[in-house]
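# Chain and residue survey
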Amino acid sequence: MNSRQAHWWRLLESAGLFLLALVPRLLGRVPLNNTDELLWIDRSINYWSAIGHGDWAGTLQSLHPGAFPPWGFGASLGARYGLRQLETWQAAGTLPMLEVARTASLFPILLTSATVVVAYHWLARLAGRRAAWVAAVMLALEPYFLTHSTFIHLDATVTSLMFLAALAWLVYLLADGGRLYLLLSGILTGLAIMTKIQAVYLVPYALLAAGVTYLARVRRFWGQGSGRELARLAAGLGALLSVAVIAGFAVWPVLWVDAGQVIATVVERAAMHLNEPHQLATYFLGQQAIADPGALYYALTLAYRLRPLTFVFSLLSLPLLGLAWRRLSAEQRGAWLLGIAYPLFFFVQMSLGSQKMERYLLPVYPALVTLSAVALTAGVTWLTRHRWRRLSIGVVSVAVILLSWPWLRLAPHYSAYFNALLGGGPKAVELFIVGGGEGLDLAAAYLNDKDGAEDLWTLSYYPQVFMHYFAGHTQSPNYGSWSGLPVAADYMVLTSAQVQRGIYPTTLDFFLPREPEHVVRINGIDYAWVFRVPRQELSSPPPIEQPLESNFEHRVHLIGYDTEHSGSELRLTLYWKLIVSVHEELQVRLRLIDSQGQVIAEQSDPPWSGDVAVLSWPEGLAVRDEHMLSLPDDLPPDDYTVVVSLRELDENGKERLLKLEGDEGTEVRLGPITLETP
């Protein structure tokens, strides 16, 4: 093959790999998966707006630092809509979020697709074209990397930048890549750190790689040529760090204003993540806890998120290195060792932090894919005895693609795939948090098919996401609720992550024992449940024994009551009429008082009846609300009074009694109630 043919062959290879990566990513776009994506859309618009107005301080939108991805997200949005249109929508709160999100997701899709192609060419210089090709095919379709390649977040971006930065540095060190690779590694390192502070890992890794290269080239700590090699490596490290700093300052204009304070704040935030666990409960090994789940959490989630092929052959990489050690050059040994060191030490770094999420470990996936591809290629080469190598690698590539069908068929919900060798999704659900906003689009689609869907009220733990899929009205579960139970909604949507973490426990206790109307199930995993909120509406005005009219702050009317004395209990039935939606937790406080003014019994209960949620009701009708007051066994016959008040708990847990309209008081006195000896 002459040079011209080789050139066109390389272009054809690149185009094929790019399409192999691009197509499943385009098919895998779910516009919104979690609330963080909404934040990054807003931040990206704000970022570009600040740059457009010369407000360099306004580019401080996050302390991750999160400075580079807004360039990409914003460029995608600006190219389609224009900055002025985006600013107008944002100011009015009318961003067409689903379409905007689809557009913003093009940045990580294109970046990760390009990463596959670039990684192939750079890996070829380190591990040979056959191993590099298999690695690129595997990386294009690795399920967890594929999943995050469509998210409007930082993880896919920092993963791609870190992987390419490390590869460029290794090519410069071990494959005589020249200054271009040094320059590229520095730029990519700076952009990676400006994406997420965890990418500072590249600095000690670069130092480690330089040390391994020194030993590979000099072959002892001090020998002939060692001085020249040390000087070359030191100069390279200095250039790498200098270029990284320049790249970082170039993409984050706030550093031009007050670099010292901004960097100090970023470091302070990183230290907080290192020392303080998440405030919301996590779920691990079947238990809820607000604590650091430890390194085992990352080990398990990593094992379950890898495809079986990557899982098995990445484990075989180290023993295969031992078997092939004598046949490898010093540079090849160094490259393989550094390939193992990259995911290993990053795993250690992330395990030290108290705040853990499985996506934080995403940067190890391309490295593990590469290791498994090298091991797989070495095994195939040995089995075929060096014959028909090109054909055998082609067969392996086709096999890799075909073996990707178990998650490719799930498009756009690739995240529902878990390692089948370890029990898959049903087993993963028992061990750690599965899902976030996944499945909400399907739950909304189910409700949207109902007649009058636009008039329905639905509650969701992710209302900011669900509202963009649902044709009706959406609020969080504590909206219009008494003690967390919905009173102004038609449907409740629960998610697997919410259930695992025990978020809104009163709501979970109320709905989970019931049969859902619809279950969103993907790849054998229940991601969301749609419950119809049970109603207790009276079809005709109730026969109230003791009508009255007590208005609590023009929010709730007490329109009457009934009493029934049975043995050692007094059944008190209250009839309520809701005037406006109640946003805080209310409780009914009851006190039974004798003719001498002594309190005989008292209790506080939430205002619902039995196991049925109180709901809004038609004009003129009421909801029956029953309470049982326990009476002393020796209670004498007498006329008694029941004092009723409504106690409110706000978001901060502060308590107050609702006032009565037209009266400064807070209590309604019911009675006299005559109690006879049982």
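Check the entry above for the structure.
Here goes a summary of the coordinates provided.

How each quantity is defined
- Residues numbered from 1 in each chain as written.
- Predicted model: local features only at pLDDT ≥ 70, side-chain atom pairs only at ≥ 80, totals over all residues.
- Heavy atoms only, no water.
- Axes fitted to C-alpha atoms, helices over the stretch in contact; angles between N-to-C directions.
- Helix = DSSP H or I, 4+ residues; strand = E, 2+ residues; numbered from the N terminus.
- Parallel < 35°, antiparallel > 145°, perpendicular 65-115°, else oblique.
- Left-handed = near helix turned anticlockwise from the far one by under 90°.
- Contact = heavy atoms within 4.5 Å.
- Nonpolar A, V, L, I, M, F, W, Y, C, P; charged D, E, K, R; others polar.
- 1 Å grid on protein atoms, 1.4 Å probe; cavity = no way out; pocket = protein on both sides within 12 Å on 5 of 7 lines; lining within 4 Å.
- Points joined across faces, edges and corners; volume = space filled by probe spheres on them.
- Polar contact = N/O pair within 3.5 Å; in protein donor to acceptor, adjacent residues only side chain to side chain.
- Core = buried A, V, L, I, M, F, W, Y, C linked by side-chain atoms within 4.5 Å.
- Buried < 20%, exposed > 50% of the residue type's maximum accessible area, 1.4 Å probe, protein only.
- Pairing = 2+ DSSP bridges.
- Patch = residues over 30% accessible without salt bridge, like charges linked within 9 Å, V, L, I, M, F, W, Y side chains within 5 Å.
- Areas by Shrake-Rupley, 256 points an atom, 1.4 Å probe, with all protein chains shown as cover.
- Salt bridge = Lys/Arg side-chain N within 4 Å of Asp/Glu carboxyl O.
- Phe/Tyr/Trp six-rings, centres within 6.5 Å; stacked < 30°, edge-to-face > 60°.
- Lys NZ or Arg CZ within 6 Å of the ring centre and 35° of its normal.

### Some remarks on the packing of helix α6 (residues 106–127) against helix α9 (residues 155–174)
Direction vectors running N to C along α6 and α9 enclose 20°, while the axes themselves pass 10 Å from each other. Judged by the angle between their axes, α6 and α9 are roughly parallel. The hand of the α6/α9 crossing is left-handed. Contacts from Phe107, Leu111, Thr112, Thr115, Val118, Ala119, Trp122, Leu123, Arg125 and Leu126 in α6 reach Ala156, Thr157, Ser160, Phe163, Leu164, Leu167, Ala168, Leu170, Val171 and Leu174 in α9.

### Topic: the packing of helix α3 (residues 69–81) against α6
Put simply, α3 and α6 touch, their axes get as near as 8 Å, and they point 115° apart. Across the interface between the two elements, Pro69, Gly72, Phe73 and Ser76 from α3 touch Leu106, Phe107 and Pro108 from α6. Residues of the contact of α3 with α6, tallied by class, amount to 5 nonpolar, 2 polar and no charged.

### Re the layout of surface pockets
Taken as a whole, the second largest pocket holds about 970 Å³ of empty space. Lining the second largest pocket we find 34 residues, and of these Ala127, Leu328, Trp336, Val374 and Ala378 sit closest to its centre. Every element with two or more residues in the lining of the second largest pocket is listed here: α6, α7 (129–141), α9, α15 (308–324), α16 (330–352) and α17 (364–383). Considering every element that reaches the lining of the second largest pocket, the biggest residue donor is α17, with 9 residues.

### Side note on the side chain of Lys356
With respect to the element layout, Lys356 can be found in the loop between α16 and α17. Reaching out from Lys356, the side chain makes a polar contact with the side chain of Asp292 at a distance of 2.7 Å.

### Describing the nonpolar core
Judged by nonpolar contacts, the single largest core of 156 residues is most densely connected at Met162, Trp169, Trp252 and Phe432. Take this core: its biggest share by element is 15 residues, from α9. Counting residues in hydrophobic clusters, the runner-up holds 26 residues, among them Leu590, Leu592, Val668 and Ile673.

### Overview of the pairing of strand β8 (residues 518–522)
Strand direction decides the pairing type here: β8 and strand β9 (residues 525–532), joined by 5 bridges, are antiparallel. In the strand pairing of β9, Val520 is matched with Ala528. The hairpin turn running from β8 into β9, its antiparallel successor, is 2 residues long, and Asn523 in that turn takes a positive phi close to 55°.

### What about a nonpolar patch on the surface?
A surface patch of nonpolar side chains, amounting to about 640 Å² of accessible area, comprises Trp56, Val245, Phe249, Trp256, Val257, Ile263 and Val267. Counting only elements with at least two residues in the nonpolar patch, the list comes to α12 (226–251) and α13 (254–275). By residue number, the principal contributor to the nonpolar patch is α13, which donates 4 residues. Relative to the elements of secondary structure, Val245 occurs in helix α12. For Val245, a relative accessible area of 48% corresponds to the partly exposed category.

### Digging into the pairing of strand β3 (residues 457–460)
In terms of strand pairing, β3 meets strand β4 (residues 473–475) through 3 bridges, oriented parallel. Looking at β4, one finds that Leu459 is bridged to Gln475. Sheet analysis places β3 next to strand β7 (residues 491–495), joined by 3 bridges and oriented parallel. Note on β7: the bridge partner recorded for Thr458 is Tyr491.

### Comments concerning the environment of Tyr297
Residue position: Tyr297 is located in helix α14 (residues 295–305). Judged by its relative accessible area of 5%, Tyr297 is buried. Once residues within four sequence positions are removed from consideration, Tyr297 is found in contact with Phe284, Lys356, Met357, Glu358 and Phe432.

### Here's the deal with the pattern of salt bridges
Per the stated rule, a full pass over the model turns up 17 salt bridges. Note that Glu517 is salt-bridged to Lys450, the shortest N-O span being 2.7 Å. Placement of the pair is Glu517 in the loop between α24 (505–511) and β8 and Lys450 in the loop between α21 (440–448) and β3, with a sequence separation of 67 residues. Under the relative-accessibility criterion, Glu517 is labelled partly exposed at 34%.

### Here we look at unusual backbone geometry
Note that the residue after His64, namely Pro65, is joined by a cis bond; omega there is 15°. In this model, Gly671 is joined to Pro672 through a cis peptide bond whose omega is 5°. Here Pro672 shows up in strand β18 (residues 668–675). With phi around 55°, Leu285 is a residue other than glycine that occupies positive phi space. Mapped onto the elements of the fold, Leu285 is located in the loop between β1 (282–284) and β2 (287–289). You will see that Asn523, though not glycine, has its phi angle at about 55°, which is positive. In this structure, Asn523 sits in the loop between β8 and β9.

### Brief notes about empty space enclosed by the protein
Overall, the coordinates contain 2 cavities of 30 Å³ or more when judged by the stated rule. Estimates place the volume of the largest cavity at around 60 Å³. What lines the largest cavity is simply Gly28, Val30, Asn33, Thr147, Thr150, Phe151, Pro412, His413, Tyr414, Ser415 and Glu438. For the lining of the largest cavity, a count of residues per class yields 4 nonpolar, 6 polar and 1 charged. One number sums up the size of the second largest cavity: a volume of about 40 Å³. As for the second largest cavity, its lining consists of Ala165, Ala166, Trp169, Ser185, Thr189, Leu202, Tyr205, Ala206 and Leu240. Every element with two or more residues in the lining of the second largest cavity is listed here: α9, α10 (179–193) and α11 (202–218). Taken together, the residues of the lining of the second largest cavity break down into 7 nonpolar, 2 polar and no charged.

### As for the packing of aromatic side chains
With the rule as written, the count across this model stands at 26 aromatic pairs. With 5.8 Å between their ring centres and 70° between their planes, Tyr304 and Phe432 make a pair best called edge-to-face. One end of the pair, Tyr304, is in helix α14; the other, Phe432, is in the loop between α20 (424–431) and α21, and 128 residues separate them in sequence. With respect to burial, Tyr304 and Phe432 carry one shared label: buried. One aromatic cluster is present, formed by Tyr201, Tyr205, Tyr342 and Phe346 through successive ring pairs. Over the face of the ring belonging to Tyr172 we find Arg232, whose NZ or CZ atom lies 5.5 Å from the ring centre.

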